[in-house]
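So you can see what is in the structure, the chains are spelled out below.
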Amino acid sequence: LQMAPKRTAIDKSKTSDQNSIPLISASALQHNLGVLEYARTCQSAAAGMAAGVLGLTSIPGFLFYFSVVLIQALFWESKSSFDWSSYFLDRTAPVSHSLVSGLFTYILFWVFLYGMVHVY
């Protein structure tokens, strides 16, 4: 298994002439957000399946989702070598990006697996 190379969105070594503003690569930033979106979708599906099989209901199920999101954010933080400013414009991107769409994916798999394992 080979990992794709990191794509730095903000190059601190290259700056524009005016007031030393760092240059931002739009394609690298878009790629990084796409990777984050894909990872959030996969993580939401896996967490939903786990919650359904474990039989979580109500508030514990939602707390499980948000705890998995925070754990995933910590993994992304360590993967970026604790230098998020080189990969995203916003520091909250690993937690907030596609949080709601991930929640919908989580609920879909959560309810489906819960029904398959505990109801039928």
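For clarity, every value in this text was computed on a predicted model and none was experimentally measured.

**Focus: the overall build of the protein chain**
The helix and strand tally for the protein chain stands at four helices and two strands. Walking the protein chain from its N terminus toward its C terminus, one meets helices and strands in the order β-β-α-α-α-α. The buried share among the 120 residues of the protein chain stands at 32%. Pairs at least 24 apart in sequence give 72% of the contacts found in the protein chain among residues at least 6 apart. Per element, the accessible surface of the protein chain, about 7800 Å² overall, is 68% carbon and sulfur.

**A closer look at the packing of helix α1 (residues 26-54) against helix α2 (residues 58-79)**
The N-to-C vectors of α1 and α2 enclose an angle of 140°; their axes lie 10 Å apart at closest approach. Overall, the two elements α1 and α2 adopt an arrangement that is oblique. For the crossing formed where α1 meets α2, the hand is right-handed. When α1 is examined against α2, the residues Val 35, Leu 36, Ala 39, Arg 40, Gln 43, Ser 44, Ala 47, Ala 50 and Ala 51 are found in contact with a partner set consisting of Phe 64, Tyr 65, Val 68, Val 69, Gln 72 and Trp 76. Residues belonging to the contact of α1 with α2 are distributed by class as follows: eleven nonpolar, three polar and one charged.

**What to know about the environment of Val 53**
One can find Val 53 in helix α1. Given the relative accessible area of 45%, Val 53 is considered partly exposed. For the pair Val 53 and Tyr 114, spaced 61 residues apart in the sequence, the C-alpha separation amounts to 5.8 Å. Those residues within four positions of Val 53 in sequence are excluded, and the remaining contacts are Leu 113, Val 117 and His 118.

**A short note on the environment of Phe 64**
The topology assignment puts Phe 64 in helix α2. Sequence separation of Phe 64 and Ala 47 is 17 residues, and the distance between their C-alpha atoms is 8.0 Å. Ignoring sequence-local partners within four residues, the contact set of Phe 64 consists of Ala 47, Ala 50, Ala 51, Leu 56 and Tyr 106.

**Structural notes on the UniProt feature "transmembrane region" (unreviewed entry) in the protein chain**
If you check UniProt for "transmembrane region" (unreviewed entry), the listed places come out as residues 53-75 and 95-117 in our numbering. Overall, residues 53-75 shows 87% helix and 0% strand. The separation of its end C-alpha atoms is 24 Å. This span, residues 95-117, is 91% helix and 0% strand, and a straight line between its end C-alpha atoms measures 30 Å.

Definitions and cut-offs
Residues numbered from 1 in each chain as written. Predicted model: local features only at pLDDT ≥ 70, side-chain atom pairs only at ≥ 80, totals over all residues. Heavy atoms only, no water. Helix = DSSP H or I, 4+ residues; strand = E, 2+ residues; numbered from the N terminus. Buried < 20%, exposed > 50% of the residue type's maximum accessible area, 1.4 Å probe, protein only. Contact = heavy atoms within 4.5 Å. Areas by Shrake-Rupley, 256 points an atom, 1.4 Å probe, with all protein chains shown as cover. Axes fitted to C-alpha atoms, helices over the stretch in contact; angles between N-to-C directions. Parallel < 35°, antiparallel > 145°, perpendicular 65-115°, else oblique. Left-handed = near helix turned anticlockwise from the far one by under 90°. Nonpolar A, V, L, I, M, F, W, Y, C, P; charged D, E, K, R; others polar. UniProt positions renumbered as here; feature names shortened; annotations may be inferred.

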